[in-house]
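Analysis of the macromolecular model
Each chain is listed here by its residues.
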Amino acid sequence: MSKQAMSLLPRWCSRIFSVELNGAPFYFAVKEKHLGEDVPRVFREVQNRDKCYSVLVYCSRDRIKTAKFYGELKDKLLRDLPPECRLSPMSSFLPNVRDSLVKGYFLKGNSDTSSPIERLLSDLIQHDPVLVCSYSPAEDGQQWTQHMWSETASQVMDVAKGYYVVSSEAPEYHPSTLNIINSDVFYSFDEAYDVMKKCGDIIPEAKAVLELLPSRVEARNKPDFPVIVIEGLDATGKTTLTESLKDTLGATLLPSPPECLSPWRARFDQEPPLIRRAFYALGNYITADQIGREGMKTPVIVDRFWHSTAAYAIATAVSGPVCNLPGEGSEVYCWPSDLFQPSLVVLLTLDPEERKRRLRNRGQGKTDEEEELDHNQLFRLRVEEAYRRISGPACVTVDASPSADRVLQQVLLLIRGKCHL
Ligand SMILES: Nc1ncnc2c1ncn2[C@@H]1O[C@H](COP(=O)(O)OP(=O)(O)O)[C@@H](O)[C@H]1O
Ligand SMILES: Nc1ccn([C@H]2C[C@H](O)[C@@H](COP(=O)(O)OP(=O)(O)O)O2)c(=O)n1
């Protein structure tokens, strides 16, 4: 294998590769020698005429461009590959090593489709930050080998030496948890600001967002009045409750993301997680600035805040069941040290059927993410569990299924107990 190709993904032979088929990950590793290990499951069911490929996007120096390219790659592959070719999410990582995850796609075609697939991959490897491998049966006809493609000045070639692919155990930490910090969740104003600033060249709206940011994020004096955040999935009753709290307590109500970001929200919702989540993270600092001002005059009620930012980001980054989330107590759930900490965070929870009923009654269009919440029960469970695991302050769960007035009374009791109002 060429040195240059190897250096793109360091420690090739210590890496684990994961292919996601029908939502379940299958792991394999590569070895120079074969010692009678199992053929990985991904290849066990592959027919003789089939040929498989992987396209991994390695991180070029510009991580904004890499993130954008990864998002566009799927569209390109789906558009340009023969329809019979099957595309599955894939990743490669060093087990339990932070920031070692690279993502890509696993392609399965057959001898009829190999020419157009290989043409497309040859083109990709010459122009984009991708690492391409092909997989084929070894000479003994039983094992499978992985060949990394190498791009020379004039041509793309299959590097002569193949590596055997062998089954591998699931790692202790789910691979998608390895790159969450500062890619999906930002733990300081500066980290999120840095991403938005670098977006300025390719996303003109990023400049407008930067202009709205507070100039200083140092903690102001603590507000004189309590600050209460209401959290929960869509249609759990946050708007209803926050309006009532505002009237009952004579409080100021602040939505999050703040209204000044509304014109840009749809734009950033289309962007890959790195950029989209930086946008929401910065929104919290604008809200914190507003809290600092309003909290000197009245109690403040905030509709969503940091818990939403982190919980949705973590639940989207990690796939599969709740056990794939970073474990309880992980640093992933820590509150950013430079972000205002509210006096109380209330999490409204609701039975899924009742939530759906309320969504239907409200009759509004749903965001793609809310559609996802509806269809993908696992995603909803991951969001709720991530909410519960975030600390500093942790949220207090309130059952939102009783009448709106009962929920209000319950939350008022909590506020009076905690905030001496
Ligand atoms: N406690 C409640 N019992 C029954 N319906 C409720 C209750 N709270 C809110 N609703 C209704 O459920 C729907 C969603 O509530 P809303 O406050 O808009 O939720 P969110 O802001 O969390 O999306 C609305 O139609 C609202 O009138
Ligand atoms: N402070 C916030 C508020 C919302 N978000 C994100 C998290 C989710 O992706 C969406 C959910 O917001 P959405 O407007 O769909 O939900 P509601 O209508 O307020 O119930 O916004 C955030 O990241 N940080």
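Residues numbered from 1 in each chain as written. Chains lettered and ligands numbered in written order. Predicted model: local features only at pLDDT ≥ 70, side-chain atom pairs only at ≥ 80, totals over all residues. Heavy atoms only, no water.

Some thoughts on the overall build of the chain
This is how it is decided: Only DSSP runs of H or I with at least four residues qualify as helices, and only runs of E with at least two residues qualify as strands; both kinds are numbered from the N terminus onward. All radius of gyration figures rest on C-alpha atoms, and the globule criterion is 2.2 Å times the number of residues raised to 0.38. The classification of residues rests on relative accessible area computed with a 1.4 Å probe and restricted to protein chains. Under 20% of the type maximum is buried, over 50% is exposed, and intermediate values are partly exposed. Contacts between residues were defined by any pair of non-hydrogen atoms, one from each residue, lying within 4.5 Å. Only the protein chains shown count as cover for residues, and the accessible areas themselves come from Shrake-Rupley with a 1.4 Å probe. Charged residues are defined narrowly, with Lys and Arg counted positive, Asp and Glu counted negative, and His plus the chain ends left uncounted. To locate a charge, take atom NZ for lysine, CZ for arginine, CG for aspartate or CD for glutamate.
Of regular secondary structure, the chain possesses 14 helices and 14 strands. For the chain, the C-alpha radius of gyration of 24 Å lies close to 22 Å, the compact-globule estimate for 421 residues. The C-alpha extent of the chain, read off along each of the three principal axes, is 75 × 45 × 35 Å. When the 421 residues of the chain are sorted by exposure, 52% land in the buried category. Partitioning the contacts of the chain with sequence separation of at least 6, the portion at a separation of at least 24 is 75%. Carbon together with sulfur atoms contributes 47% to the accessible area of the chain, which is approximately 20000 Å² in total. Between the mean site of the 51 positive side-chain charges and the mean site of the 57 negative ones, the chain shows a separation of 1 Å.

A look at unusual backbone geometry
The omega angle of the peptide bond from Ser 256 to Pro 257 is 0 degrees, so this bond is cis rather than trans. Summarising the element assignment, Pro 257 is placed in the loop between strand 11 (252-255) and helix 8 (262-269). Of the consecutive residues Gly 392 and Pro 393, the connecting peptide bond is found in the cis state with omega at 5 degrees. Positionally, Pro 393 belongs in the loop between helix 13 (377-389) and strand 14 (396-399). With a phi close to 50 degrees, Asn 22 is a non-glycine residue in the positive phi region. Positioned with a positive phi, Asn 96 is a non-glycine residue whose angle comes to about 65 degrees. Mapping Asn 96 onto the fold places it in the loop between strand 4 (86-93) and strand 5 (102-110).

Overview of the pattern of salt bridges
Operational definition: Throughout this description, the term salt bridge denotes a Lys or Arg side-chain nitrogen within 4 Å of a carboxyl oxygen of Asp or Glu.
Under the definition given, this model contains 20 salt bridges. Notably, a salt bridge pairs Arg 362 with Asp 234, separated by 3.0 Å at the nearest N-O pair. Separated by 128 residues along the polypeptide, Arg 362 in helix 11 (residues 352-362) and Asp 234 in the loop between strand 10 (227-232) and helix 7 (238-249) bring together distant segments of the chain. Judged by its relative accessible area of 38%, Arg 362 falls in the partly exposed class. A relative accessible area of 16% means that Asp 234 is categorised as buried. Among the ionic contacts, a cluster of salt bridges with common partners joins Lys 68, Glu 205, Arg 267 and Glu 271.

A look at the environment of Pro 402
Looking at the element boundaries, Pro 402 is found in the loop between strand 14 and helix 14 (404-419). We classify Pro 402 as partly exposed; its relative accessible area is 27%. For the pair formed by Pro 402 and Leu 350, sequence separation is 52 residues and the distance between their alpha carbons is 9.6 Å. The contacts of Pro 402, once residues within four sequence positions are left out, are Arg 358 and Val 407.

Let's talk about the packing of aromatic side chains
Where we set the bar: Any two of the Phe, Tyr and Trp rings considered here, Trp counted by its six-membered ring, make a pair once their centres fall within 6.5 Å; the pair's planes then place it as stacked at under 30 degrees, edge-to-face at over 60, or tilted in between.
For the coordinates displayed, the defined rule picks out 19 aromatic pairs. Centre to centre, the rings of Phe 28 and Tyr 135 are 5.9 Å apart; their planes meet at 85 degrees, and the pair counts as edge-to-face. Residue Phe 28 is found in strand 2 (residues 24-31), and its partner Tyr 135 is found in strand 6 (residues 130-137); the two are separated by 107 residues along the sequence. Accessibility expressed as a relative area gives 0% for Tyr 135, which makes it buried. Ring-pair connections join several aromatic residues into one group, and the members of that group are Trp 12, Phe 17, Phe 28, Phe 43, Phe 106, Tyr 135 and Trp 144.

A word on the side chain of Asn 182
Relative to the helices and strands, Asn 182 resides in the loop between strand 9 (163-167) and helix 5 (189-199). Discounting residues that sit within four places of it in the chain, Asn 182 has contacts with Arg 63, Tyr 187, Glu 191 and Leu 274.

Quick look at the site of ligand 1
Spelled out, the test is: Nearness here has a simple test: a residue counts as near a molecule or strand if at least one of its heavy atoms is within 4 Å of that partner. Counted as a polar contact is a pair of N or O atoms within 3.5 Å, where, for protein atoms, one must be capable of donating a hydrogen and the other of accepting one, and residues adjacent in sequence contribute only when both atoms are in side chains. Residues are grouped as follows: nonpolar covers Ala, Val, Leu, Ile, Met, Phe, Trp, Tyr, Cys and Pro; charged covers Asp, Glu, Lys and Arg; every other residue, Gly included, is treated as polar.
Close to ligand 1 lie 14 residues, the nearest being Ala 235, Lys 238, Thr 239, Thr 240 and Arg 362. Within the side chain of Thr 240, a nitrogen or oxygen atom sits 2.6 Å from an oxygen atom of ligand 1. Protein coverage of the free-state accessible area of ligand 1, which is 560 Å², stands at 76%. Elements supplying a minimum of two residues to the shell around ligand 1: helix 7 and helix 11. Of the residues in the shell around ligand 1, the class split is five nonpolar, five polar and four charged.

A few points about the domain arrangement of the chain
Inclusion rule: Where each domain starts and ends follows an automatic or database-derived domain assignment. Values labelled buried area give the accessible surface lost by two parts on being combined, using a 1.4 Å probe and summing over both.
Splitting the chain by domain gives domain 1 (3-177) and domain 2 (189-419). Every contact between the two is made by nine residues of domain 1 and, on the other side, 17 residues of domain 2. For the domain 1 face of the interface with domain 2, the top three residues by lost area are Arg 63, Ile 64 and Lys 68, together amounting to 45%. At the surface where domain 1 touches domain 2, the tally comes to two salt bridges. Between Arg 98 and Glu 331 there is a salt bridge, with the nearest N and O atoms lying 3.5 Å from each other. Remark: the boundary between domain 1 and domain 2 carries four residue pairs in polar contact (both at pLDDT 80 or more). Per element, the largest residue contribution to the side of domain 1 that touches domain 2 is four residues, and it comes from helix 3 (residues 63-80). For the side of domain 1 that touches domain 2, the per-class residue count stands at two nonpolar, three polar and four charged.

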